Amino acid sequence: LNAANYTAWHFRRLCLEALGSDLSAELAWVAEIAEDSPKNYQLWYHRRLIVERHGDGSNEHAFCAAVIADDSKNYHAWAHKQWACNHFNLWDGELEYVDSLLSDDLRNNSAWNHRWYVVHNSSATPVDEQVLER
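Model, not experiment: these values are computed from the prediction.

A. Seen up close, the environment of I33. Tracing the backbone shows I33 in helix α2 (residues 23–36). Overall, the relative accessible area of 19% leaves I33 in the buried class. Sequence separation between I33 and L43 is 10 residues, and the spatial gap between their C-alpha atoms is 8.1 Å.

Pasting the structure below:
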């Protein structure tokens, strides 16, 4: 499999839909492929579409956290995490998660960017002056 072949990913989605395939199994398979190609645009786009069709984003935090643990500056993982937070309203624990990453590496601009995103986009996360000053 050439992970960068957009046509192959598109055809795969058409086959999955036509066959009524198990989307949980597909997400598990995509996670395996992501281990070798964690910065592949087509893979992340495919995952987003499958998660949307599946209608359950509950595994996306863990998936993104695993990718971010390997490369804390993986733009694709952060963008997918932000999409999942918005799409599935998965804000619970995000501020604590990103603060833990910042305690490990205060210069992680990706984590700072995500923190800003959470503070300014989450209606579930109460924001007080102390949070904003951190």
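B. Structural context of the packing of aromatic side chains. Per the stated rule, a full pass over the model turns up five aromatic pairs. Aromatic side chains Y6 and Y45 sit 6.3 Å apart centroid to centroid with 35 degrees between the ring planes, which places their arrangement in the tilted category. Note that Y6 is positioned in helix α1 (residues 6–19) and Y45 in helix α3 (residues 41–54), a separation of 39 residues in sequence. The lysine or arginine in question, R12, covers the ring of W29, its NZ or CZ lying 3.8 Å from the ring centre. Across the ring face of F63, the terminal group of R47 is positioned such that the distance to the ring centre comes to 3.7 Å.

C. Molecular detail of the packing of helix α5 (residues 75–88) against helix α6 (residues 94–104). Where α5 meets α6, the closest approach of the two axes is 13 Å, and the angle between their N-to-C directions is 160 degrees. If you check the angle between α5 and α6, you find them roughly antiparallel. For the element pair α5 and α6, the recorded crossing hand is left-handed. Here W78, K81 and C85 of α5 lie close against α6, whose contacting residues are E94, Y97 and L101.

What counts as what
- Residues numbered from 1 in each chain as written.
- Predicted model: local features only at pLDDT ≥ 70, side-chain atom pairs only at ≥ 80, totals over all residues.
- Heavy atoms only, no water.
- Helix = DSSP H or I, 4+ residues; strand = E, 2+ residues; numbered from the N terminus.
- Buried < 20%, exposed > 50% of the residue type's maximum accessible area, 1.4 Å probe, protein only.
- Phe/Tyr/Trp six-rings, centres within 6.5 Å; stacked < 30°, edge-to-face > 60°.
- Lys NZ or Arg CZ within 6 Å of the ring centre and 35° of its normal.
- Axes fitted to C-alpha atoms, helices over the stretch in contact; angles between N-to-C directions.
- Parallel < 35°, antiparallel > 145°, perpendicular 65-115°, else oblique.
- Left-handed = near helix turned anticlockwise from the far one by under 90°.
- Contact = heavy atoms within 4.5 Å.

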